[in-house]
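Spelled out, the chains give:
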Amino acid sequence: MKKLNLLILIFAMSGLILSSCGKSGPDPVPVGELTTHTDEVTGFSVKYPESWIKSAIPGTRFVVFSNDQGKKRFNKYDTEGFPGAKIDVICNDLKPGWNLDSLVKISKIFGDEIYEVADVTIDGVPGKKLVYSFPLSGGMFNGMMLMAAKDTVKATTLIIEAFDNSFETYKSTFDEIASSFVLGKAPAPKKIDTILQVEEAPPPSENLEVRGGDGFEIGVPDNFKAENIGKAANAQRAWSFLGARRGDSFIKIETFDASQQKDLKKIVDENRASFQNANPKETTLGGKKAYLLEYKPAGTVKGKVWFALSGDKMYRVTINWFTGEEKDFLPVFEKSVASFKFK
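Residues numbered from 1 in each chain as written. Predicted model: local features only at pLDDT ≥ 70, side-chain atom pairs only at ≥ 80, totals over all residues. Heavy atoms only, no water.

### Structural notes on the pattern of salt bridges
A side chain of one charge can pair with a side chain of the opposite charge when the charged atoms of the two come close.
Step number 1: Within the structure shown, the criterion is met by 23 salt bridges.
Step number 2: In this structure, the salt-bridge partner of lysine 47 is glutamate 176, at a minimum N-O distance of 3.1 Å. Linking lysine 47 in strand β2 (residues 45-49) with glutamate 176 in helix α5 (residues 171-180), this pair joins segments that are 129 residues apart in sequence.
Step number 3: With relative accessibility at 37%, the residue glutamate 176 sits in the partly exposed group.
Step number 4: For the salt bridge of aspartate 101 with lysine 128, the shortest nitrogen-to-oxygen distance reads 3.8 Å. Residue aspartate 101 is found in helix α3 (residues 100-107), and its partner lysine 128 is found in strand β7 (residues 125-136); the two are separated by 27 residues along the sequence. (Salt bridge = Lys/Arg side-chain N within 4 Å of Asp/Glu carboxyl O. Helix = DSSP H or I, 4+ residues; strand = E, 2+ residues; numbered from the N terminus. Buried < 20%, exposed > 50% of the residue type's maximum accessible area, 1.4 Å probe, protein only.)

### Re the nonpolar core
Step number 1: Counting 28 residues, the largest nonpolar core has Trp52, Leu158, Ile160, Tyr170, Phe174 and Phe181 as its most contacted members.
Step number 2: Those elements giving two or more residues to this core turn out to be β2, β4 (61-65), β5 (85-93), β8 (139-148), β9 (154-162) and α5.
Step number 3: For tryptophan 52, the residues in contact, after removing those within four places along its chain, are Val29, Pro30, Val31, Val64, Phe65, Ser66, Ala85, Ile87 and Tyr170.
Step number 4: Counting residues in each nonpolar core, the second largest holds 23 residues, with Ala308, Trp321, Phe333 and Phe340 among its members. (Core = buried A, V, L, I, M, F, W, Y, C linked by side-chain atoms within 4.5 Å. Contact = heavy atoms within 4.5 Å.)

### Looking at the sheet that holds β9
Step number 1: Overall, antiparallel pairing links the 7 strands, which are arranged β3-β4-β5-β9-β8-β7-β6 in an open sheet. Two strands lie at the open edges of the sheet, namely β3 (53-57) and β6 (115-122), each paired on one side alone. Between one strand axis and the next, the sheet turns by 15° as a mean value, whatever way the strands run.
Step number 2: In this structure, β7 lies alongside β8, joined through 10 bridges in antiparallel fashion. Note on β8: the bridge partner recorded for valine 131 is methionine 144.
Step number 3: Sheet strands in contact with α5 are β5, β8 and β9, and its direction is about 175° off that of β9. (Pairing = 2+ DSSP bridges. Axes fitted to C-alpha atoms, helices over the stretch in contact; angles between N-to-C directions.)

### Here's the deal with the side chain of threonine 255
Step number 1: With respect to the element layout, threonine 255 can be found in strand β14 (residues 250-257).
Step number 2: Apart from the residues within four sequence positions on either side, threonine 255 is in contact with Asp214, Ala235, Gln236, Arg237, Trp239, Lys313, Met314 and Tyr315.

### Structural notes on the sheet that holds strand β15 (residues 281-285)
Step number 1: One open sheet holds the 7 strands; their spatial order is β12-β13-β14-β18-β17-β16-β15, and the pairing between them is antiparallel. Because the sheet does not close on itself, it has two edges, and the strands there are β12 (225-226) and β15.
Step number 2: Looking at chain direction, β15 and strand β16 (residues 288-298) are connected through 5 bridges and run antiparallel. By the bridge assignment, lysine 281 is partnered in β16 with leucine 292.
Step number 3: Relative to the sheet, helix α7 (residues 326-338) contacts β14, β15, β17 (301-310) and β18 (313-322), its axis offset from that of β18 by approximately 165°.

### Considering unusual backbone geometry
Step number 1: Despite not being glycine, aspartate 123 shows a phi value in the positive range, around 50°.
Step number 2: Counting through the fold element by element, aspartate 123 comes out in the loop between β6 and β7.
Step number 3: When its relative accessible area of 29% is taken as the criterion, aspartate 123 is described as partly exposed.
Step number 4: Phi is positive for asparagine 165, close to 65°, though the residue is something other than glycine.
Step number 5: Within the secondary structure layout, asparagine 165 lies in the loop between β9 and α4 (166-169).

### Here's the deal with the packing of aromatic side chains
Step number 1: Throughout the structure, instances matching the rule amount to 27 aromatic pairs.
Step number 2: Plain terms: the ring middles of phenylalanine 65 and phenylalanine 74 are 5.9 Å apart, the flat faces sit at 50° to each other, and that makes the pair tilted.
Step number 3: Classification of phenylalanine 65 by relative accessible area gives buried; the value is 10%.
Step number 4: Residue classification places phenylalanine 74 among the buried positions, given a relative accessible area of 6%.
Step number 5: Look at tyrosine 77 and phenylalanine 110: their rings are 5.4 Å apart centre to centre, the planes differ by 90°, and that puts the pair in the edge-to-face class. Of this pair, tyrosine 77 sits in the loop between α2 (68-76) and β5 while phenylalanine 110 is found in the loop between α3 and β6, placing the two residues 33 residues apart along the sequence.
Step number 6: The structure contains a cluster of three or more aromatic residues connected by ring pairs, namely Phe65, Phe74, Tyr77, Phe110, Tyr115, Tyr132, Phe134, Phe141 and Phe163.
Step number 7: Positioned above the aromatic ring of phenylalanine 163 is the side chain of arginine 73, whose terminal nitrogen or guanidinium carbon lies 3.9 Å from the ring centre. (Phe/Tyr/Trp six-rings, centres within 6.5 Å; stacked < 30°, edge-to-face > 60°. Lys NZ or Arg CZ within 6 Å of the ring centre and 35° of its normal.)

As structure tokens, then:
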């Protein structure tokens, strides 16, 4: 199955594949009855089709897919496949100094040119609405994001996306879902209960599940979710994976344009300043020559970052982990990097 990459996106935006937008295929999954999900930690809520496939991480995320085939297509944004739809609510911590424009910036995973951004009111507070679309082999891909913050601690984003012209099929339902969206907020501090036993989220699983992106595949712990935690300003795309246990321990892959620069060592030297001027160590990534930098992004967090070239792209793979749980995170993360393959 073809993957959504930068070249296809450029073609899509220039209209070179518009002729394929009318391709016939399976019908979208019916909506059925709507019900409401309310997060037990932050209180965000949204309507969704009761018969669709749902999963939740309390306090962080609630996501619904129209069916399994559609869910798999969203993993890599395949250009062909089932006309799936997704409803996704993400509640993230606001970093100091962040505002709505900051949220918009980190939420974009495609090129800036395809987004239309507007000011809106969401749950009684100022927010942002992003609308985006582009043609793929099976028809138009459409998406919409609504984002705002009810307090200075939590920001909540609703993402609605659909493949192959099905956004129009679901439009009235999507409008009702967007209207039902209620923002989350920081929960009130709980009193200490010396009797209550709190069950902590598990560390990364040693069982790896293959995920993929533009020109690569990697195994990540099967209890990790794909999360949008931002990307470097000059990166083309980014993929991030983290579990429910810690937000500071994650695996991230970013791609950069390397069509004008093929000297990997020079690229690494130019990037060292962003990683505490760590000394590059020659190694391999996915069977290709690579350089590794080891650095410390925070007082209790360590990190490793690999650089490698493949085709006209430079791939940067980063792992960060909490030093207090290094024995649980680092071996699994290094196993994940060792599974990295170029396609």
